Number of protein chains: 2
Amino acid sequence: MTYRLYYWDGLQGRGEFVRLALEEAGADYVEVTRGDEAAGLGTGAMMARLGSKDEAYPPFAPPFLQDGELIVSQTANILFYLGPKLGLAPRDEGLRYVANGLQLTIADMVTEAHDTHHPLAGNLYYEDQKDAAKVRASDFIDHRIPKFMRYFERVMKQNPASEDFLVGDALTYVDLSMFQLIDGLMYAFPRATKRFGTQYPKLAALHDRVIARPRIAAYLASDRRLPHNEACVFRHYPELDKTAR
Amino acid sequence: MTYRLYYWDGLQGRGEFVRLALEEAGADYVEVTRGDEAAGLGTGAMMARLGSKDEAYPPFAPPFLQDGELIVSQTANILFYLGPKLGLAPRDEGLRYVANGLQLTIADMVTEAHDTHHPLAGNLYYEDQKDAAKVRASDFIDHRIPKFMRYFERVMKQNPASEDFLVGDALTYVDLSMFQLIDGLMYAFPRATKRFGTQYPKLAALHDRVIARPRIAAYLASDRRLPHNEACVFRHYPELDKTAR
C-alpha cells in the first residue's frame, strides 16, 4: 500500500513530522505536490482535493494523508493513525493516548514557534508585524521554550519504562517529532538554544540518537530532506533571536 | 467507573468541550478542582498532579482526564479516548480519524480565538497588548472566522451520511464541540456573528439542535455550566468586536 502525503512543496513545515515517521519505517509513500502533473500529482492535485465540492470529509489544510479511500488530516492525527501501522507507536493501548497527548503538546509548541514571526495575522507580511514579533519572540524564548522543554525533559526522566524515550521502552513517532522540534528551534533561535545540551541533557541526547539512526541519517542526507528556510514554521530572523551578550 | 476531570475552576475554557460530552452521555464524573479539599480534591490536587516529580507521564496542562490509572491529556485526545466509551464517536474506525481531524481543526480555531486577546504573550496583561489585540481580532473576524466556518459548513453539506451532523449519521462529540465553539464566538463577538444564522445555516441549525437535546438543556440550565467570562478563551471585549455600522 502506497501512502500519499499531501503538503506544500518547498518547505519542511508540519509535513516534516509525518515524513520522519514514514522514512524511519521505510514506508512506501508518494509526496504528492512534488510529483508530476502528467501523473495526476503536483500542487494542483492537492488544491483540487482541498477545494472539492463533493469530497466526503475534505481536509481543512495540509498536511493530510491518503490511505486508500481514507483521508486523514491534522499532523498529530496522521501520526496517531500511522504509528501502529509503521511500528512507531507504543504497543500498550493506554500509552498510545499518552503518545498522542505528547504529540499534541509538541504541536502546540510548533504553533507558538510559528506565531513568533506572525503574532498578528498570517495574512500580513512579517515586515508589517516585526515589532509585535519581537515582543512575542522574546516571551517565547524567555518563558515558553523553558516551560515546554523543562516539561519534556521531565517526561523523559519520569518515563518508568526507559529514560531514552519520551514514552514506553522503544522509539515512537513522538521521539522523531521531538528531534524535529528541537532541530527547528536550533535553526530559528541559535543563540537562545546555545546551551540546550546542558539545560536539557536527555532531550539533547534523544535528538542526537535520532540523527544517528540509519534510515533517518540517510533521509537527512538525501534531497528529500529540504533545507530549513523562511517559508517554514521555523524561521531564522536574527532580530527575533536572543540578543548576543 | 467514575471519570475524574481536571480543569481550572471558574471558567468554561477548554474543559467545557469535555464536559459537554460527559453530560450528553450522562457519564459519572467528578470535577476535581470544584471538589472538597478534605476529600483530596480541589485545585491543590490538580496542581500536585501537574507538578509531580514521580508521576509517570505527567500532563503539561489542564484539561486532563483520569480513568483509573490512566491520565489522558489534551482536549481532542480526551475526546478521542472518551468518544467510543460514551457512544459519541462514529462506529466506523476510519470515521473516528475524520472526527479527530475535525476536532483538531476546532481546537486550532479555539487557540486563534484565544490569541485575539493575547496575541503577544499569555504572560502579559490584556491591557498591555490591546493595540496588537485589535489588529489580530480584526483579522480573525474578517478572515479566520469566514475561512473556518465556510469550511465546517461545507463539511456538513458534503457529509455523505447526513447533513445534520459533521461526521457520520449520528451525533458525535464533534457536534457538541461545534456548538461550544459557535456559542463562544457569539459571546465574544456578538456584532461579528450577528448574521451567523444566514451565513452558515447548517452550523446554526446544528447549534440549535444541540441546545435542545434534553441532557444538554438540563446541563446548560444547571449550576454546573459556568457562565462565559473574561478569564476564558472566549472573552467579550467590545473593542475587539466588529465595529458597529
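Note that residues are indexed from 1 along each chain, following the sequence as it is written. Think of it this way: whatever chain is written first is A, whatever ligand is written first is 1, and the rest follow in order. For a predicted model such as this one, the threshold for reporting local features is a pLDDT of at least 70, and the threshold for listing and counting side-chain atom pairs is 80 or more; totals across whole chains, interfaces and linings nevertheless cover every residue. The basis for the side-chain values is all heavy atoms of the structure; hydrogens and waters are excluded.

## Remarks on the overall build of chain A
- Each helix and strand in chain A was counted, giving 9 helices and 4 strands.
- Beginning at the N terminus, the succession of helices and strands in chain A can be written as β-α-β-α-β-β-α-α-α-α-α-α-α.
- Taking 18 Å as the expected radius of gyration for a compact globule of 245 residues, we find that chain A reaches 18 Å, a close match to that expectation.
- Along the three orthogonal principal directions, the C-alpha set of chain A runs to about 55 × 50 × 30 Å.
- With a 1.4 Å probe rolled over the protein chains alone, any residue whose accessible area is under 20% of its type maximum counts as buried; one over 50% counts as exposed, and the rest are partly exposed. Classification of the 245 residues of chain A by burial places 59% in the buried group.
- Relative to all contacts within chain A whose residues are 6 or more apart in sequence, the contacts with residues 24 or more apart total 68%.
- With an accessible surface of roughly 10,100 Å², chain A has 50% of that area assigned to carbon and sulfur atoms. Counting from the N terminus, the helices are DSSP H or I runs at least four residues long and the strands are E runs at least two residues long. C-alpha atoms define the radius of gyration in this analysis, and the globule rule sets the expected value at 2.2 Å times the number of residues to the power 0.38. Any two residues whose heavy atoms approach within 4.5 Å at even a single point are treated as in contact. In this description, accessible areas are obtained by the Shrake-Rupley approach with a 1.4 Å probe, and a residue is regarded as covered only by the protein chains that are shown.

## A word on the UniProt feature "domain: GST N-terminal" (unreviewed entry) in chain A
- UniProt positions are given in the numbering used here, feature names are shortened, and annotations may be inferred rather than shown by experiment. In this structure's numbering, the residues bearing the UniProt feature "domain: GST N-terminal" (unreviewed entry) are residues 1-90 of chain A.
- Counted over residues 1-90 of chain A, helix gives 34% and strand 17%. Its end C-alpha atoms are 22 Å apart.

## Overview of the sheet that holds strand β3 (residues 64-67) of chain B
Residue and element names in this part refer to chain B.
- At least two DSSP bridges between two strands are required for those strands to pair. The 4 strands are arranged β2-β1-β3-β4 in an open sheet whose pairing can be described as mixed. Single-partner strands in this sheet number two, and they are β2 (29-31) and β4 (70-73). Neighbouring strand axes in the sheet, compared pairwise and without regard to direction, differ in orientation by 20 degrees on average.
- When strand β1 (residues 3-6) meets β3, the two strands line up antiparallel, connected through 3 bridges. If you follow Leu5 over to β3, its bridge partner there is Leu65. Note on definitions: angles span 0 to 180 degrees between N-to-C directions of axes, and those axes are lines fitted to C-alpha atoms, for helices only across the stretch in contact.

## Here's the deal with the UniProt feature "domain: GST C-terminal" (unreviewed entry) in chain A
- With numbering matched to this structure, UniProt assigns "domain: GST C-terminal" (unreviewed entry) to residues 92-240 of chain A.
- Annotation note: span residues 92-240 of chain A, helix share 63%, strand share 0%, distance between end C-alpha atoms 42 Å.

## Observations regarding the sheet that holds strand β1 (residues 3-6) of chain A
All names here are of chain A.
- Sheet architecture is open: 4 strands sit in the order β2-β1-β3-β4, paired in mixed fashion. The open sheet terminates on both sides in strands that have one partner only, identified here as β2 (29-31) and β4 (70-73). Between one strand axis and the next, the sheet turns through 20 degrees on average, direction left out of account.

## Focus: the domain arrangement of chain A
Residue and element names in this part refer to chain A.
- The domain architecture assigned to chain A consists of domain 1 (3-86) and domain 2 (93-240).
- Domain delimitation in this document rests on an assignment produced automatically or drawn from a domain database. Taking the mean C-alpha position of each, domain 1 and domain 2 sit 21 Å from one another.
- Facing the 20 residues of domain 1 at the interface are 28 residues of domain 2.
- Contact with domain 2 buries surface across domain 1, with Gln12, Phe17 and Glu24 losing the most and accounting together for 29% of the total.
- Glu16 is the salt-bridge partner of Arg225, the closest N and O atoms lying 2.8 Å from each other.
- Under the rule applied, a polar contact is a pair of N or O atoms within 3.5 Å (in protein, one hydrogen donor and one hydrogen acceptor; residues adjacent in sequence only if both atoms are side-chain atoms). Viewed at the interface, domain 2 and domain 1 are joined by 11 residue pairs in polar contact (both at pLDDT 80 or more).
- Of all the elements in the fold, those that place two or more residues in the side of domain 1 that touches domain 2 are α1 (15-24) and α3 (75-86). For any pair of parts, buried area is found by adding up, for both, the accessible area (1.4 Å probe) each one loses once the two are put together. Any carboxyl oxygen of Asp or Glu that lies within 4 Å of a side-chain nitrogen of Lys or Arg is treated as forming a salt bridge with it.

## A closer look at the relation of the copies chain B and chain A
- Of the transformation placing chain B onto chain A, the axial shift is 0.0 Å and the rotation is 180 degrees, giving an RMSD of 0.0 Å. Overall, the copies show the geometry of a two-fold rotation axis. For chain B, the minimum C-alpha distance to the rotation axis belongs to B:Pro119 and amounts to 2.8 Å.
- Most of the interface of chain B is mirrored in chain A, where 100% of its interface residues are also at the interface. Superposing the copies works by least squares over the C-alpha atoms of residues that have pLDDT at least 70 in both of them.

## Thoughts on the pairing of strand β3 (residues 64-67) of chain A
All names here are of chain A.
- Neither face of β3 is left uncovered, since the one carrying Phe64 and Gln66 and the one carrying Leu65 and Asp67 both have all their residues buried.
- Relative to β4, β3 runs antiparallel, the two being bridged by 4 bridges. If you follow Gln66 over to β4, its bridge partner there is Ile71.
- Taking the residues that link successive antiparallel strands as the turn, the β3-β4 hairpin has 2 residues, and the phi of Gly68 there is positive, at about 65 degrees.

## Considerations on α1(A)
All names here are of chain A.
- Within α1, 10 of the 10 residues are buried, which leaves the element mostly enclosed by the surrounding structure.
- Those residues of α1 that are buried lie in contact with β1, β2, α3, α4 (93-117), α6 (173-188) and α9 (214-221).
- In the stretch just after α1, Gly26 is the one whose phi turns positive, near 65 degrees.

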